[in-house]
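Structural overview for review
Listed below, chain by chain, are the residues.
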2 protein chains.
Amino acid sequence: MTITNNPPRPEPKALASALEALTARFGNRFITSQAVREQHGHTTTWLANQPPDGVVMAQETKDIQDVVRICAGNGVPVIAFGTGTSLEGQVNAPAGGICIDLRDMNKVLAVHAEDLDCVIEPGVTRKALNEHLRDQGLFFPIDPGADASLGGMASTRASGTNAVRYGTIRESVLALKVVRGDGEIITTGTRAKKSSAGYDLTHLFVGAEGTLGIISELTIRLRGIPEMIAAGACSFETVGGACQATILAIQTGIPVARIELLNAAQVKACNAYSKLTLAETPLLLLEFHGSEIEVAEQSKAFGEIAKDCGGGDFSWTTKPEDRTKLWQARHDAYWSVKALRPGAGVVATDICVPISRLADCVTETEEDLKRLNLLSPIVGHVGDGNFHCSLLCDVDDADEMARGEEFMHRLVERAQAMDGTCTGEHGIGQGKQKYLKAELGPEALDAMRALKKALDPQNIFNPGKIVPQA
Amino acid sequence: MTITNNPPRPEPKALASALEALTARFGNRFITSQAVREQHGHTTTWLANQPPDGVVMAQETKDIQDVVRICAGNGVPVIAFGTGTSLEGQVNAPAGGICIDLRDMNKVLAVHAEDLDCVIEPGVTRKALNEHLRDQGLFFPIDPGADASLGGMASTRASGTNAVRYGTIRESVLALKVVRGDGEIITTGTRAKKSSAGYDLTHLFVGAEGTLGIISELTIRLRGIPEMIAAGACSFETVGGACQATILAIQTGIPVARIELLNAAQVKACNAYSKLTLAETPLLLLEFHGSEIEVAEQSKAFGEIAKDCGGGDFSWTTKPEDRTKLWQARHDAYWSVKALRPGAGVVATDICVPISRLADCVTETEEDLKRLNLLSPIVGHVGDGNFHCSLLCDVDDADEMARGEEFMHRLVERAQAMDGTCTGEHGIGQGKQKYLKAELGPEALDAMRALKKALDPQNIFNPGKIVPQA
């Protein structure tokens with residue numbers, strides 16, 4: 001896919017001066033080898049790799065401040081890097097510049113069990129955080145699949161399977177510290193659970209993809225590990241039946257913790273990959289959190305709804321090993337897709353629509369795939385109206401790639417025509433800039449450009465992302 | 001209290017030109033009588049009344065656009081007005097200007113029951129909305145006490161008793177339409193339940209107190225009316241015990257829908273006003289939402305926790321008339337305070353701290369009241385660490401007013417020292433501008449000033465609010 005927003009590279013002299021200063025300051029923690037640079041421009045999609053000019057391995061906030069000061073002083077871009085699992089080219093460096101790799105800033109600075117919050121560095125990953133918290137009976141519920149860093153999740157406004165119950169990262173971030181263009185630090189909030197104190201800076205930086213400053217610390221909400229977890233699965237004849245069951249479950253207030261849709265193509269892929277014998281029709285996988293009585297009540301209530309919506313038997317269990325087995329198909333979804341066509345590229349994309357339109361949206365998408373002769377299993381965070389396509393494409397087949405682009409384009413247009421969004425959780429990055437105007441109108445883009453200019457007048461923070469060129 | 005942020009009034013000629021144009025455009029819907037102007041500068045606190053120069057009764061979005069265009073063309077301020085129930089001078093007009101009264105923009109434009117959302121005009125009040133929704137089994141959960149307009153609630157980032165379960169208005173707003181300085185409309189989002197599409201404009205306008213534009217339409221999330229509601233009450237010997245019970249309830253994941261603290265002074269006031277016989281010690285009032293089995297389970301679990309924390313008997317009921325009786329004390333809190341000292345002013349303020357610090361914060365506040373010889377019952381949304389003081393003051397007694405100001409000042413400093421915020425849900429307005437810098441630092445204020453300038457370069461939207469003068 002063509003990248004259209006390519007801001008100018010810095011002046012060669014200024015860049016050289018920045019590289020020299022960074023070498024002097026960081027020694028062998030400043031890396032300019034080709035391999036490392038390319039790794040940090042990794043996009044996990046069909047967007048071309050645009051490596052930065054160098055990578056600093058940051059260890060503390062002071063490092064971020066110094067990189068930003070050196071870069072700003074020379075007009076050189078700065079790109080934050082967590083685990084590189086973003087999907088829309090967020091870490092690419094179209095104008096070159098310096099990548100700050102935050103993986104070593106991975107300390108949990110404080111856990112406040114009574115307040116259900118913790119203070120962490122941006123490089124802490126969600127799995128590492130949950131490992132750290134387990135002994136205290138706490139967990140961090142946002143699960144985007146990849147073991148992403150929390151700084152990256154905040155920057156991309158990530159969510160995942162648990163969002164239907166616990167909200168997205170947006171609802172989880174209480175406060176941030178953000179390094180601004182002159183290297184000083186903006187504090188966006190306190191540990192209070194709610195506040196009406198001024199403009200919501202916290203949620204402006206959440207989802208800003210590092211274009212307004214670099215997150216150097218996060219205060220995030222936690223949850224108590226539920227007493228009991230129940231899991232269940234239910235096959236439906238149609239996507240419509242599965243969506244209707246989901247709508248009714250949410251309307252009646254069943255607090256489902258996860259409710260995931262696998263379409264028939266995805267179930268088929270899972271059967272082949274994991275040697276399962278699931279009915280090759282739309283499948284819902286569910287999880288319930290609560291006390292023993294609560295999860296039993298919730299599971300029973302959902303079973304009745306599923307039956308009314310043409311679902312098959314709804315079996316549920318609280319045994320960990322059986323739960324794992326039930327969810328195996330979902331966890332293996334990505335690998336099962338890869339295995340369908342070894343050697344092909346997998347392009348992951350997501351859209352989100354009002355839940356009442358979800359069945360139509362999935363069904364029309366399936367028809368489109370058939371028409372275009374493309375293969376893309378679908379999994380959905382169906383409680384939020386959000387679904388993913390994993391499009392298999394031979395990147396060397398120009399005709400197939402063209403059909404793939406057409407498919408992606410029509411998918412976004414379909415979602416937007418249904419009053420939905422071009423991305424529920426992957427972000428805009430480079431890949432989806434061309435869709436923002438159709439979704440929100442030119443006035444919203446004006447506002448975004450004005451905000452970018454207000455907080456990053458030099459345009460040094462991750463230039464070329466989110467906001468398309470005027 | 002002295003108002004220090006008083007931006008310059010518009011040029012007299014320009015103002016006259018605007019008034020003339022507004023008269024021509026709106027006829028008798030443009031009102032300049034002293035009484036109506038003063039009513040629209042109503043602050044409900046001890047802030048002086050600063051009336052606008054005129055009031056337009058808007059009936060549709062086009063009216064807002066025209067007022068903004070006329071005012072912007074003449075450099076005249078524009079102040080949005082919902083129900084005038086804000087508490088920190090948000091609707092005052094320190095530089096004069098035109099108030100847009102939105103009460104007649106009170107249409108529910110669409111209800112999407114399957115998606116649990118609705119689209120409304122900004123003048124719809126929460127009670128009117130719930131009345132409208134009842135037949136469909138839906139409700140809007142945010143309850144700040146006053147029957148505020150939704151546009152006003154969004155602008156102040158309001159919350160209230162249900163926030164512990166359902167979040168604040170921030171979590172409820174999916175998208176906004178906002179009239180910007182040239183009269184054009186910014187669309188901030190879609191009806192998708194979540195989105196990663198660009199900067200979070202929605203949540204920048206939520207809590208902006210009308211300083212960045214005028215909200216002309218809201219898309220908000222709704223909930224299904226719970227099958228069953230249970231209510232209960234429990235007395236504690238100390239505030240510490242009540243707070244500890246709250247912490248444990250939340251940690252163990254009991255999804256309390258409301259958990260309200262009344263301190264001993266407040267219980268005493270309620271006993272006197274409503275002829276009740278409650279023990280005059282700290283009291284928790286609770287509400288649980290769910291199925292019959294769930295609310296029973298939750299109530300029972302809370303009862304056990306309360307007992308462990310030194311609480312008295314925990315009685316609970318699902319009968320509507322008994323629930324109403326139980327909650328009577330909370331609903332009458334304001335009037336019971338007024339009745340304590342007829343003729344005195346009641347100054348309502350709020351702060352919010354991490355819940356682990358709440359008991360200390362309430363206790364120290366009570367000691368401070370005693371030391372300063374002041375009377376101020378306390379009610380708290382204790383699940384969020386948020387509490388309100390209703391300070392009774394004789395506005396003609398300079399010494400008492402000085403002690404009142406000292407108390408307020410120390411209350412905010414206490415909250416901030418405990419990593420809390422100067423306001424959990426009332427907003428900054430005029431009254432709390434002086435506390436923002438201590439809370440977030442000069443860098444956050446710089447960022448807020450830059451955002452204000454970016455989106456309202458003329459400084460016509462509600463000038464003199466939120467951001468203190470540099």
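Residues numbered from 1 in each chain as written. Chains lettered and ligands numbered in written order. Predicted model: local features only at pLDDT ≥ 70, side-chain atom pairs only at ≥ 80, totals over all residues. Heavy atoms only, no water.

Chain A carries the name D-lactate dehydrogenase (cytochrome) in an unreviewed UniProt entry, which gives Bradyrhizobium iriomotense as its organism. One UniProt comment on chain A, placed under Sequence similarities (unreviewed entry), says "Belongs to the FAD-binding oxidoreductase/transferase type 4 family." One UniProt comment on chain A, placed under Cofactor (unreviewed entry), says "FAD". (UniProt positions renumbered as here; feature names shortened; annotations may be inferred.)

1. Comments concerning the overall build of chain A
When you go through chain A residue by residue, the secondary structure sums to 17 helices and 18 strands. Over its C-alpha trace chain A gives a radius of gyration of 22 Å, about what one expects of a compact globule, namely 23 Å for 470 residues. Along the longest, intermediate and shortest principal axes, the C-alpha atoms of chain A span 70 × 60 × 40 Å. In chain A, which comprises 470 residues, the share counted as buried stands at 64%. Sequence separation of 24 or more characterises 72% of the internal contacts of chain A that already satisfy a separation of 6 or more. (Helix = DSSP H or I, 4+ residues; strand = E, 2+ residues; numbered from the N terminus. Rg over C-alpha atoms; globule rule 2.2 N^0.38 Å. Buried < 20%, exposed > 50% of the residue type's maximum accessible area, 1.4 Å probe, protein only. Contact = heavy atoms within 4.5 Å.)

2. Concerning the domain arrangement of chain A
Residues and elements named next belong to chain A. Assigned domains of chain A: these are domain 1 (12-102), domain 2 (108-224), domain 3 (228-334) and domain 4 (341-438). Distance from the C-alpha centre of domain 2 to the C-alpha centre of domain 4: 28 Å. Across the boundary between the two partners, domain 2 contributes nine residues, which contact nine residues of domain 4. Summing both partners gives a buried area of about 570 Å² for domain 2 against domain 4, and 43% of it is carried by carbon and sulfur. (Domains from an automatic or database assignment. Buried area = accessible area lost by both parts, 1.4 Å probe.)

3. Topic: the relation of the copies chain B and chain A
One copy of the chain maps onto the other through a rotation about an axis followed by a shift along the same axis. Of the transformation placing chain B onto chain A, the axial shift is 0.0 Å and the rotation is 180°, giving an RMSD of 0.0 Å. Both chain copies can therefore be described as sitting about a two-fold axis. Interface overlap between copies: 100% of the residues of chain B at the interface are likewise at the interface in chain A, consistent with a symmetric, same-surface contact. (Least-squares fit on C-alpha atoms with pLDDT ≥ 70 in both.)

4. A look at the pairing of strand E5 (residues 108-112) of chain A
Two faces, one strand: in a regular strand the side chains alternate between the faces of the sheet. All names here are of chain A. As defined by bridge partners, E5 adjoins strand E6 (residues 117-120) across four bridges and the pair is classed as antiparallel. Counted as the bridge partner of Val-108 is Ile-120 from E6. Once E5 ends, the chain turns through four residues before running back antiparallel as E6, passing Leu-116 with a positive phi of about 55°. (Pairing = 2+ DSSP bridges.)

5. Some details on the pairing of strand E16 (residues 345-352) of chain B
Residues and elements named next belong to chain B. Of all eight residues that make up E16, seven are buried, and the element is covered over most of its length. Pairing of E16 with strand E18 (residues 386-393) involves eight bridges; the strand directions are antiparallel. By the bridge assignment for E18, Ile-351 is matched with Phe-387.

6. Structural notes on the interface of chain B and chain A
Contact residues are listed per partner, giving 82 residues for chain B and 82 residues for chain A. When chain B packs against chain A, the two sides together hide about 6800 Å² of surface, and 56% of this comes from carbon and sulfur. The largest contributions to the chain B side of the interface with chain A come from Lys-194, Ser-196 and Tyr-199 of chain B, which together make up 14% of the buried area. Our count for the contact surface shared by chain B and chain A stands at 39 residue pairs in polar contact (both at pLDDT 80 or more). The greatest single-element share of the side of chain B that touches chain A, amounting to ten residues, is contributed by helix H17 (residues 442-455) of chain B. Tallied by class, residues from the side of chain B that touches chain A come to 33 nonpolar, 29 polar and 20 charged. (Polar contact = N/O pair within 3.5 Å; in protein donor to acceptor, adjacent residues only side chain to side chain. Nonpolar A, V, L, I, M, F, W, Y, C, P; charged D, E, K, R; others polar.)

7. Focus: the sheet that holds strand E10 (residues 214-221) of chain A
Residue and element names in this part refer to chain A. Reading across from one edge, E5-E6-E10-E8-E9 is the order of the five strands in this open sheet, with antiparallel pairing throughout. Edge strands, defined here as strands with exactly one partner in the open sheet, are E5 and strand E9 (185-187). Between one strand and the next, the sheet's axes are offset by a mean angle of 15°, whatever the strand orientation. Inspection of the sheet shows strand E8 (residues 173-179) paired to E10 by six bridges, in the antiparallel sense. Counterpart to Ala-175 in the pairing with E10 is Thr-219. (Axes fitted to C-alpha atoms, helices over the stretch in contact; angles between N-to-C directions.)

8. Quick look at the sheet that holds strand E5 (residues 108-112) of chain B
Residue and element names in this part refer to chain B. Taken together, the five strands give an open sheet; going across it, the order is E5-E6-E10-E8-E9, and neighbouring strands pair in antiparallel fashion. With partners counted over all chains shown, the strands left at the sheet margins are E5 and strand E9 (185-187), one partner each. The sheet shows a mean angle of 15° between the axes of neighbouring strands, taken without regard to direction.

9. Notes on the UniProt feature "domain: FAD-binding PCMH-type" (unreviewed entry) in chain A
Here the UniProt feature "domain: FAD-binding PCMH-type" (unreviewed entry) sits at residues 48-225 of chain A. Counted over residues 48-225 of chain A, helix gives 24% and strand 24%. Its end C-alpha atoms are 41 Å apart.

10. Quick look at helix H12 (residues 320-331) of chain B
Residues and elements named next belong to chain B. Three or more residues of H12 are buried, namely Arg-323, Trp-327, Ala-329 and Arg-330. For H12, the buried positions fall inside an angular range of 130° around the axis, keeping them on one side. Exposed residues pointing more than 90 degrees away from the buried face of H12 are listed as Glu-321, Lys-325 and His-331. (Arc of directions from axis to C-beta.)

11. Details of the packing of helix H1 (residues 12-26) of chain A against helix H3 (residues 61-74) of chain A
Residue and element names in this part refer to chain A. Viewed as axis vectors pointing N to C, H1 and H3 meet at an angle of 160°, and their least axial separation amounts to 8 Å. In terms of their interaxial angle, H1 and H3 are classed as roughly antiparallel. Taken as a pair, H1 and H3 cross one another with a handedness that is right-handed. Taken together, the residues of H3 that come into contact with H1 (itself represented by Ala-14, Ser-17, Ala-18, Ala-21, Leu-22, Arg-25 and Phe-26) are Lys-62, Asp-63, Asp-66, Val-67, Ile-70 and Asn-74. (Parallel < 35°, antiparallel > 145°, perpendicular 65-115°, else oblique. Left-handed = near helix turned anticlockwise from the far one by under 90°.)

12. Focus: the pattern of salt bridges
Per the counting criterion, the structure on display carries 68 salt bridges over all chains. In this structure, the salt-bridge partner of Asp-143 of chain A is Arg-258 of chain A, at a minimum N-O distance of 3.2 Å. Here Arg-258 of chain A lies in strand E13 (residues 256-262) and Asp-143 of chain A lies in the loop between strand E7 (138-139) and helix H5 (150-156), a separation of 115 residues in the sequence. Across the pair Asp-360 of chain B and Arg-357 of chain B runs a salt bridge whose closest N-O atoms are separated by 3.7 Å. A relative accessible area of 29% places Arg-357 of chain B in the partly exposed class. Here the salt bridges share partners, and the residues they tie into one network are Arg-25, Arg-29, Lys-62, Asp-63, Asp-66, Arg-69 and Glu-184 of chain A. (Salt bridge = Lys/Arg side-chain N within 4 Å of Asp/Glu carboxyl O.)

13. Overview of the packing of aromatic side chains
Within this structure, the stated rule accounts for eight aromatic pairs over all chains. A ring pair is formed by Phe-288 of chain A and Phe-314 of chain A, whose centres lie 6.4 Å apart and whose planes are at 90°; its orientation type is edge-to-face. Highlighted residues: Phe-288 of chain A in strand E14 (residues 283-290) and Phe-314 of chain A in the loop between helix H11 (292-308) and strand E15 (315-317), separated in sequence by 26 residues. Here Phe-288 of chain A falls in the buried class, since its relative accessible area comes to 0%. Relative accessible area serves as the criterion here: at 15%, Phe-314 of chain A is assigned to the buried category. Between Phe-302 of chain B and Phe-314 of chain B the ring centres are 5.1 Å apart and the planes differ by 70°, which places this aromatic pair in the edge-to-face class. Separated by twelve residues along the polypeptide, Phe-302 of chain B in helix H11 (residues 292-308) and Phe-314 of chain B in the loop between H11 and strand E15 (315-317) bring together distant segments of the chain. Both residues of the pair, Phe-302 of chain B and Phe-314 of chain B, count as buried. Ring-pair connections join several aromatic residues into one group, and the members of that group are Phe-288, Phe-302 and Phe-314 of chain A. Cation over ring: Arg-258 of chain A sits above Trp-327 of chain A, and NZ or CZ is 5.6 Å from the ring centre. (Phe/Tyr/Trp six-rings, centres within 6.5 Å; stacked < 30°, edge-to-face > 60°. Lys NZ or Arg CZ within 6 Å of the ring centre and 35° of its normal.)

14. Here we look at helix H9 (residues 239-251) of chain A
All names here are of chain A. For H9, with 13 residues, the first-to-last C-alpha span of 18 Å sits near the 18 Å given by 1.5 Å per residue. If you check which residues of H9 are buried, you get Val-239, Gly-241, Ala-242, Cys-243, Ala-245, Thr-246, Ile-247, Ala-249 and Ile-250. Residues of H9 that are buried sit in contact with helix H6 (163-166), E13, E14, H11 and helix H14 (358-371). At the C-terminal side of H9, Gly-253 shows a positive phi close to 85°. (Expected span 1.5 Å × (residues − 1).)

15. Considerations on a nonpolar patch on the surface
On the surface, Tyr-273, Tyr-334 and Trp-335 of chain A cluster together to form a nonpolar patch covering roughly 330 Å² of accessible area. Along the chain, Tyr-334 of chain A turns up in helix H13 (residues 333-340). (Patch = residues over 30% accessible without salt bridge, like charges linked within 9 Å, V, L, I, M, F, W, Y side chains within 5 Å. Areas by Shrake-Rupley, 256 points an atom, 1.4 Å probe, with all protein chains shown as cover.)

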